[in-house]
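Below, each chain spelled out in residue letters.
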Amino acid sequence: MMVNKEKRILEGEKEKRVAQLDGWKLTDGKFIVKRYRFTDFLTGVQFVNHIAEFSEEIQHHPFISIDYKMVTLKLTSWNAKGLTELDLTCAQKYDGLYESITGK
């Protein structure tokens, strides 16, 4: 069965679905946000470069903020006007990229 990744997740499902993600928080009812901490600035930048490459491949881009050794990612789907399966899938992918870079 093909999942429509552009279909918005229903209001009653959002909190439950986001709670299944590691460390991600639902904000403003339509964004998910997570902060990643690194031991040094350049490792954080390396992480952001991996995020950028993946995002370009799938044409779905997060808001990215680099604050010294802290990288914050914020996701939503503009076309769907809210949170979609694609956002949740990306969150899991970003967590995997973080683990592969830091070993955590």
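Residues numbered from 1 in each chain as written. Predicted model: local features only at pLDDT ≥ 70, side-chain atom pairs only at ≥ 80, totals over all residues. Heavy atoms only, no water.

**Student:** Got a sec to walk through the nonpolar core? Specific residues and values, please.
**Tutor:** Among the nonpolar cores identified, the biggest contains 22 residues, and W24, I32, Y36, F47, L73 and Y94 are the most heavily contacted of them. Here this core gets seven residues from one element, more than from any other, and that element is helix α3 (residues 85-102). Excluding anything up to four places from it in sequence, L73 contacts W24, I32, V33, K34, Y36, F47, I51, P62, F63, I64 and Y94. (Core = buried A, V, L, I, M, F, W, Y, C linked by side-chain atoms within 4.5 Å. Buried < 20%, exposed > 50% of the residue type's maximum accessible area, 1.4 Å probe, protein only. Helix = DSSP H or I, 4+ residues; strand = E, 2+ residues; numbered from the N terminus. Contact = heavy atoms within 4.5 Å.)

**Student:** Please set out the packing of aromatic side chains residue by residue, giving values where relevant.
**Tutor:** Overall, the coordinates contain 10 aromatic pairs when judged by the stated rule. For the ring pair Y36 and Y98, a centre distance of 5.0 Å and an interplane angle of 45 degrees mean the geometry is tilted. Residue Y36 is located in strand β2 (residues 31-37), and its partner Y98 is located in helix α3; the two are separated by 62 residues in the primary sequence. Each member of the pair, Y36 together with Y98, is buried. Considering the side-chain rings of F38 and Y98, the 5.2 Å spacing of their centres and the 70 degrees angle between planes classify their relative orientation as edge-to-face. You can see F38 sitting in the loop between β2 and α2 (41-58) and its partner Y98 sitting in helix α3, a full 60 residues away along the chain. According to the relative accessible area criterion, F38 is buried, its value standing at 4%. Owing to a relative accessible area of 13%, Y98 belongs among the buried residues under this scheme. Lying across the ring of F31, K74 places its NZ or CZ 4.3 Å from the centre. A cation over an aromatic ring shows up here: K74 above the ring of F63, its NZ or CZ 5.8 Å from the ring centre. (Phe/Tyr/Trp six-rings, centres within 6.5 Å; stacked < 30°, edge-to-face > 60°. Lys NZ or Arg CZ within 6 Å of the ring centre and 35° of its normal.)

**Student:** Summarise the pattern of salt bridges; cite the residues concerned and give the values.
**Tutor:** Side-chain pairs of opposite charge can arise where the charged atoms are in close proximity. Evaluation of the coordinates by the stated rule reveals four salt bridges. One salt bridge in this structure joins R17 and E85, with 2.6 Å as the shortest N-O distance. Of this pair, R17 sits in helix α1 (residues 11-19) while E85 sits in helix α3; the two residues are 68 residues apart in sequence, bridging distant segments of the chain. Residue D95 is joined to K34 by a salt bridge in which the shortest nitrogen-to-oxygen separation is 2.9 Å. Taken together, the residues D95 in helix α3 and K34 in strand β2 connect sequence positions 61 residues apart. Residue D95 is classed as buried on the basis of its relative accessible area of 10%. (Salt bridge = Lys/Arg side-chain N within 4 Å of Asp/Glu carboxyl O.)

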